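# Coordinates in review
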Amino acid sequence: MTNANNQGMPAHASHSAGAKAPARPNLTAQLSAQLPDLDLDTVAQPSGTPVITFDHVTKVYPAQPSKPALYDISLQVFAGEFVFLVGHSGSGKTTLTRMIIREIKPTEGHIYIADEDLSTMRNWRVPYLRRNIGTVFQDFKLLPNKTVFENVAFALEVIGKSRHVIRTQVPEVLRLVGLQDKLDKYPDQLSGGEQQRVSIARAIVNRPPLLVCDEPTGNLDPQTSRGIMDLLERINRTGTTVLVATHDREMVDNMRRRVIALDKGRLTRDQDRGVYGFDV
Amino acid sequence: MCTVSMSSFAYFFSESLKGFARNLSTALGSIVTIFLSLLIIGVFLIGGLVVDNIVNSVEDKVSITAYVADDASQEDIDAVENYITGLDGVASIHFTTKDQALENFKNSMTSNPEIVDQLDGQNPLPASIDVQLSDAQMVETVAGEIESNETFQKIADNPDDPSDSLKYGQKTVDRLFTVTNYIRTIGVALVVLLIFIAFVFINNTIRLSILARRKEIAIMRLVGASNNFIRGPFLMEGALHAIIGAGLSIVVMEVLRRVALPQIQSSLPWLPINIPGSSFGIIYLMLLVSGLVIGLLGSALAMRRYLKV
């Protein structure tokens, strides 16, 4: 873990930064020094430092050189925000989420996660980036031969957390997702919604400031999906920035959160931009 | 970069043991190939030491033996003896009759009296003139001069090729070298082949291990396990195979040393095999180290191909 990774990443970010966040993160400090404190009251929550910055990002997969998966995407997500990323299948949602955890690199442009440029990040630093980003997927990615407790504990074990930390943090996070009675169950003994809760528990057990979910409710019925979304909202209220990629537009519109829409790799809609002063 | 702690070392160990149990047949394959290649390397190293010992002992005995035909006249023998005594670098000469030669042979064969029995009272051994040299460097020169002596050519045991009737250390050493060179070439080829096979086996074992754990690896990558932490169990698995293989080969070598070597020594008493225990210690260490290199390199190559971190 390095200092650079921590900058801007804490969930309860200082509210000294101005409303108009700069496109380049290295200007953030300068600008926030210049901006007067009175801005704080007029700006709607959330505000603060950008956690995710996409700066004219284009991704072209070698298999389809004429059809970019993402084209010239610029956006910023601030600490404490809850953002929906919507679009049809193939619109680039998954590409975007995979770029945030540096599973793939952009063909052009830059991505900054909390001031750190992912395109110049050294490979050995990537794991330390991912320790600050929780990830949830449609297919849960649980280990079938481990219990609920072990599945969540695994995430802490492999980053070298002590047994003491595991024994206190895992039951706590499982209580948060409402699975305190199912610690010893195996994934195939749980319902789909419960399995997704386990995977969310695993994603947040290390208390990451950013949670990225790729189609978290894709496999679930509407009622269960609602429960998962409530859980994500609850996590967001504790200060965690949450980005949810989904094609469930109805749900998104019901929840009245910031929505970023992608269509064929282009950013077509950013519903709350007036509020945040999003100048891209 | 974080250093890998003791507890993760234990984790690597238990994970590599699981991998071992998961793919028992391929794991055994890689262990056996490592074991065989190391055993052959070890046997050849010991063989090399034995050859070195023989060469040294032969070079110590700087003497020439000139074999004389059975029907040679005493005058000719005397003439040749006088000629040899007069040569530079000759210290002394000694004439061994056919009977004495047989007696010497019998004495050297006390442990295998049946060989002597098979002679059936016959005496196939020729008489010889043993020439002791004062200067080991002169062996070739003196031998050449004896060979070119006309009287010797007449009484030589093999009149067609007098040089064949002259035995001296250098010749034995040369012959030894041609034989050992062949053996060495074959040995090196065999070892290279076996190491290649060992690589293939390790590669396959580690690949299967990676495949079996690909879900866990994907999750480890997502939650930010360091690259070393993900690689650890596989490197450990390769090292484990190597250590087991090397251990087996060392055990077999030690058994050979304790059981087989004394028997070889007693049946071939003229072969100076006395190799100090320290040489064996060094060879065992070499086997362990080269086994580890094979194991770690093999799993590292497999990870390069199959493990994206």
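A brief structural summary.

### Some thoughts on the packing of aromatic side chains
Residue and element names in this part refer to chain A.
- A complete count under the given rule lists four aromatic pairs over all chains for this structure.
- Aromatic pair Phe 82 and Phe 84: ring centres 5.2 Å apart, planes at 65 degrees, arrangement edge-to-face.
- Judged by relative accessible area, which is 2%, Phe 82 ranks as buried.
- Measuring from ring centre to ring centre gives 6.4 Å for Trp 124 and Tyr 128, while their planes differ by 75 degrees; the resulting arrangement is edge-to-face.
- Among the residues examined, Trp 124 registers a relative accessible area of 32% and is labelled partly exposed.

### Concerning the environment of Ser 165 of chain B
All names here are of chain B.
- With respect to the helices, strands and loops of the structure, Ser 165 is situated in the loop between helix H7 (150–155) and strand E4 (166–168).
- Ser 165 gets classed as buried once you look at its relative accessible area, which sits at 2%.
- Placed 99 residues apart in sequence, Ser 165 and Ala 66 show a C-alpha to C-alpha distance of 5.8 Å.
- Leave out the neighbours within four places in its chain, and Ser 165 touches Thr 65, Ala 66, Tyr 67, Phe 152, Ala 156, Asp 157 and Asn 158.

### What about the sheet that holds strand E1 (residues 63–68) of chain B?
All names here are of chain B.
- Ordered by their spatial adjacency, four strands build an open sheet running E2-E3-E1-E4, and the pairing between neighbours is antiparallel. Each edge of the open sheet is held by one strand with a lone partner, namely strand E2 (90–96) and E4. Neighbour-to-neighbour, the strand axes of the sheet open up by a mean angle of 20 degrees, direction not taken into account.
- With three bridges connecting them, E1 and E4 associate as antiparallel partners. Bridging across to E4, Thr 65 finds its partner in Lys 167.
- Contacting E1, E2 and strand E3 (127–133), helix H3 (residues 74–85) runs over the sheet at an angle of about 160 degrees to E2.

What counts and what doesn't
Sequence positions are assigned chain by chain, starting from 1 and proceeding in written order. Starting at A for chains and at 1 for ligands, labels are handed out in the order in which the entities are written. Totals for whole chains, interfaces and linings use all residues, but because this is a predicted model, local features are given only for residues with pLDDT of at least 70 and pairs of side-chain atoms are given and counted only at 80 or more. The side-chain quantities take in all heavy atoms of the structure and omit both hydrogens and water. Aromatic pairing here means that ring centres of Phe, Tyr or Trp (its six-membered ring) are within 6.5 Å. Orientation follows from the plane angle: under 30 degrees is stacked, over 60 is edge-to-face, and everything else is tilted. Each residue is assigned to one of three classes by its accessible area relative to the maximum for its type, calculated with a 1.4 Å probe on protein chains only: buried under 20%, partly exposed between the two thresholds, exposed over 50%. Each helix is a run of DSSP H or I of at least 4 residues and each strand a run of E of at least 2, with the numbering of both proceeding from the N terminus. Should any heavy atoms of two residues lie within 4.5 Å, those residues are considered in contact. DSSP calls a pair of strands paired once it identifies at least 2 bridges connecting them. Interaxial angle, 0 to 180 degrees, is taken between N-to-C directions of lines fitted to C-alpha atoms, where a helix line uses only the stretch in contact.

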